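Structure at a glance
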Amino acid sequence: MTALNSYRTGPDEGGHFGIHGGRFVAETLMPLILQLEAAYKEAKADPAFQAQMASDLVHYVGRPSPLYYAERLTEHLGGAKVYLKREELNHTGSHKVNNVLGQILLARRMGKQRIIAETGAGQHGVATATLCARFGLDCVVYMGAVDVERQKPNVFRMEMLGAKVIPVKSGSSTLKDAMNEALRDWVTNVHDTFYCIGTVAGPHPYPSMVRDFQSIIGRETRAQLQEVEGRGPDSLIAAVGGGSNAIGLFHEFLDDPGVEIYGVEAAGHGIASGAHAASINGGRPGVLHGNRTYLLMDGDGQITEAHSISAGLDYPGIGPEHSWLHDIGRVKYIPCTDKEALEAFQLCSKLEGIIPALESAHAIAKVMDIAPTKPRDHIMVVNLSGRGDKDIFAVAEHLGGQI
Amino acid sequence: MTTRISARFTDLAAQGRPGLVTFITAGDPDTETSLEILRRLPAAGADIIELGVPFTDPMADGPAIQAGGLRALAAGQTLAKTLEMVRAFREGDDATPIVLMGYFNPIYIYGVPRFITDAKAAGVDGLIIVDLPPEEDAELCLPALEAGLDFIRLATPTTDEKRLPTVLAHTAGFVYYVSITGITGSAAPDANAVGTAVARIKQHTALPVAVGFGVRTPAQAAAIAAGADAVVVGSALVEAVRKTLDQDGKATANTVVAVETLVQELAEAVRGVTRQAAE
Ligand SMILES: Cc1ncc(COP(=O)(O)O)c(C=O)c1O
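First things first, this report covers the structure right here in the doc. Each chain carries its own residue numbering, running from 1 in the written order of its sequence. To read the labels, note that chains go from A and ligands from 1, taken in the order they are written. In keeping with the predicted nature of the model, local features appear solely for residues at pLDDT of at least 70, side-chain atom pairs appear and are counted solely at 80 or more, and the whole-chain, interface and lining totals rest on all residues. Excluded from the side-chain calculations are hydrogens and water; all other atoms, namely the structure's heavy atoms, are used.

**What to know about a nonpolar patch on the surface**
- Each patch groups residues whose relative accessible area exceeds 30% and which form no salt bridge, using 9 Å between like charges and 5 Å between nonpolar side chains of Val, Leu, Ile, Met, Phe, Trp and Tyr. A 1.4 Å probe and the Shrake-Rupley method give the accessible areas. Residues count as covered only by the protein chains that appear here. The term salt bridge refers to a side-chain nitrogen of Lys or Arg lying within 4 Å of a carboxyl oxygen of Asp or Glu. Nonpolar side chains collect at one region of the surface, where I355(A), I392(A), F393(A) and I403(A) lie side by side and expose about 370 Å² of accessible area between them.
- What makes F393(A) partly exposed here is its relative accessible area of 42%. Burial classes: relative accessible area under 20% of the type maximum marks a residue as buried, over 50% as exposed, and values in between as partly exposed (1.4 Å probe, protein chains only).

Right, here's the structure in full:
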């Protein structure tokens, strides 16, 4: 076996990361996807496009996001030195906006006036609605009816921003069904519509395009750590729904041999319970939503419902690049239950004065496990992908109170 | 090699009329009722049968076929049971072509080589797999063709002149022209535009062209069939099943008959379309 000389060159021409990825879509969409691929390639190489991205990331999104030394959390855990990459301080409150900005600028370049998106927690929907407002584009957001209920503040925000939110009642009424419905809309309205996917999943070129837009997280992290510590990290950790905040942090460091990398999957009530959203820990490779990747399914290849306390992680799949990084062993994917995430949510709030998104709380929960096992000079960076304001109602309910 | 599909289109040409392709979802509302519907389709006037393989996430289907698939899955339908239905059908009918239509994941999980062997043995003639475009031909299309299963491709209004040859390259049996940009069960297509599109496809291939998506009534079927080699009706038949179910979603005495009657009406209309032989 020959060793890979880089983990950062994927995907291949056909959008494959190992056996994962690809373009499993209906013929109606295929010409659009090829067009998108060509348009993105062109934009990526265009200094004017890159310059506008860079400028809007600073002045509209508020980047760079701080890399913050979590002193009290570090002391409490008594091991690794923990840094939080503060993506929750971006405009709209999560990392999602990095990707949306890129896609919306691309949509404008392609002359598309109507933007559609799927959303789970509502963070991607809010980011999309925000940039559509900023650039005067029509915006339709598909959201599972169950998620509309548990993420009400975000539904209100999207509507305030001028987007039309369509509750999806088919299937399990969560993120996967919202994605099905968005794909159906796209098939129907191919001529004027741009589909802004919220994570590193879907048909090629989405997984690599979204990764490119999110990779600024890792690049900033490297520069910021260099400045304060004079060196790079020893470990990275991030929650994985589709995997966009995680790959955004990881990609920069994949070829740094010493860096341990952990992706945290939502384990719901526990892998053994069957009620979870851990596609790698509890699923196997299959084909859904345009790509091959690890999925939750039954023995007949029917997709099963995911469960997570966090709407943003409640998806039965994962981006294809993560599936490949798992197959080759470069990244370790570890499970985190609802209960562990809830504890981390509270701990981070009380110790650091930062209320994390429930998604991000999954990553913090594993920091609580891993950091104490590391020496004090071990530098660990955790992606604080979003803020928790949207989750306070759900958390209150789980803790037995009500707001 | 003469396949059931090519024999059927040769026969239709000799009769100087277009064909009727009927779509039903395998196992909707249950395997037994669905098999009974399947068995009655040829006598009711179906020239070719598309048998839908249920999938939880049918991203190119509208509400009617989504619901039909979920009913079948709730009643315990699996890909193995669908193949078993085809085998049972073949005991009484060795001429009517059966095309399985669905999504790739159930086949991928069943195992592609095993699926091809079992589908052939059961008497399946062709496959329409919505989420396998030419870019993914290595997955199933090429091995299926090699085994003698027709791989029927969808061409759509977005398939332009430049792409059409790619789409037609490994197509066998017939070409399925999706008459609208949209999902199954949407608004009816414009028959004139469809005729023009079919003529365009025929400049690139000698294969017959069937047209579907959005065709519901006998009158629409006749109008579309006039400009094509065959017309496909699906959502309307799946709706006919749904309308006869009892409160618990179970089949009633009317279920099989309702589908049979609608197919008879569709066939009568389609058979009324004659054209000069040997065009
Ligand atoms: C704050 C936050 N973090 C993480 C995620 C999970 O998505 P991804 O894995 O693509 O980063 C979401 C999704 O909604 C989110 O809102």
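**Considering the interface of chain B and chain A**
- Contacts between the two partners involve 35 residues from chain B, matched on the other side by 36 residues from chain A.
- Summed over both partners, the accessible surface that disappears when two parts come together, traced with a 1.4 Å probe, is what is meant by buried area. Here chain B and chain A share an interface that buries about 2900 Å² over both sides, 54% of which is from carbon and sulfur atoms.
- Of all residues in chain B, D57(B), M59(B) and I109(B) give up the largest surface area on contact with chain A, accounting jointly for 22% of the area buried on that side.
- At the surface where chain B touches chain A, the tally comes to 3 salt bridges.
- E27(A) is the salt-bridge partner of R163(B), the closest N and O atoms lying 2.7 Å from each other.
- Helix and strand assignments come from DSSP, with helices taken as H or I runs of at least 4 residues and strands as E runs of at least 2, each series counted from the N terminus. Broken down by secondary-structure element, the contributors of at least two residues to the side of chain B that touches chain A are α3 (63–74), α5 (104–110) and β6 (154–155) of chain B.
- If you tally residues by element for the side of chain B that touches chain A, the top one is α5(B), at 5 residues.
- Residues are grouped as follows: nonpolar covers Ala, Val, Leu, Ile, Met, Phe, Trp, Tyr, Cys and Pro; charged covers Asp, Glu, Lys and Arg; every other residue, Gly included, is treated as polar. When grouped by side-chain class, the residues that make up the side of chain B that touches chain A number 18 nonpolar, 10 polar and 7 charged. Should any heavy atoms of two residues lie within 4.5 Å, those residues are considered in contact.

**Looking at the site of the ligand**
All names here are of chain A.
- For this description, a residue counts as near a given molecule or strand if any of its non-hydrogen atoms is within 4 Å of it. Within the structure, the ligand sits among 17 residues, and T199, G241, G243, S244 and S385 are positioned closest to it.
- Side-chain atoms alone can form a polar contact between residues adjacent in sequence; in general such a contact is a pair of N or O atoms within 3.5 Å, and within protein one must be able to donate a hydrogen while the other accepts it. A distance of 3.1 Å separates an oxygen atom of the ligand from a polar atom in the side chain of K96.
- One nitrogen or oxygen atom from the main chain of G242 is found 3.2 Å from an oxygen atom belonging to the ligand.
- The site holding the ligand turns out to be the largest cavity. Note on definitions: the grid is 1 Å and covers protein atoms alone; a cavity is a set of points where a 1.4 Å probe fits but cannot get out; a pocket is an open set with protein on both sides within 12 Å along at least five of seven lines; lining residues have an atom within 4 Å of a point. A cavity or pocket is said to hold a molecule if more than half of that molecule's atoms lie within 2 Å of its grid points.

**Things to note about the sheet that holds strand β14 (residues 379–384) of chain A**
Residue and element names in this part refer to chain A.
- Think of it this way: DSSP has to see at least two bridges between two strands before they count as a pair. Spatially, β3-β4-β14-β9-β10-β13 is the arrangement adopted by the 6 strands of the open sheet, whose pairing is mixed. The strands lining the two open edges of the sheet, one partner per strand, are β3 (67–69) and β13 (332–337). On average, each strand axis in the sheet is inclined to that of its neighbour by 30°, with strand direction left out of account.
- For β3 and strand β4 (residues 81–86), the ladder comprises 3 bridges, and the chain directions are antiparallel. Axis definition: a line fit to C-alpha positions, over the contact stretch in the case of helices; interaxial angles, taken between N-to-C directions, run 0 to 180 degrees.

**A few points about unusual backbone geometry**
Residue and element names in this part refer to chain A.
- For the bond running from R63 to P64, omega is 0°, close enough to zero to count as cis.
- Looking at the element boundaries, P64 is found in the loop between α2 (47–61) and β3.
- The residue after H204, namely P205, is reached through a cis peptide bond having omega 15°.
- Structurally, P205 is set in the loop between β8 (193–195) and α9 (206–214).
- For S173, which is not a glycine, the phi torsion comes out positive at approximately 60°.

**Remarks on the sheet that holds strand β12 (residues 290–295) of chain A**
Residues and elements named next belong to chain A.
- The strand order β1-β2-β12-β11 describes an open sheet built from 4 strands, whose pairing is antiparallel. Where the open sheet ends on each side, the last strands, each with one partner, are β1 (16–17) and β11 (284–288).
- Direction of pairing for β11 relative to β12: antiparallel, over a ladder of 5 bridges. Its bridge partner lying in β12, R284 is registered against L295.
- Against the sheet, helix α13 (residues 320–327) makes contact with β1, β2 (20–24) and β12, and its axis sits at roughly 45° relative to β12, the strand it touches most.

**Some details on the pairing of strand β9 (residues 230–233) of chain B**
Residue and element names in this part refer to chain B.
- Residues A230 and V232 of β9 are buried on one face, and the alternating residues V231 and V233, pointing to the opposite face, are buried as well.
- Two elements, strand β1 (residues 19–25) and β9, share 4 bridges in a ladder whose sense is parallel. Bridging across to β9, V21 finds its partner in V232.
- Note: strand β8 (residues 209–212) against β9, 2 bridges, orientation parallel.

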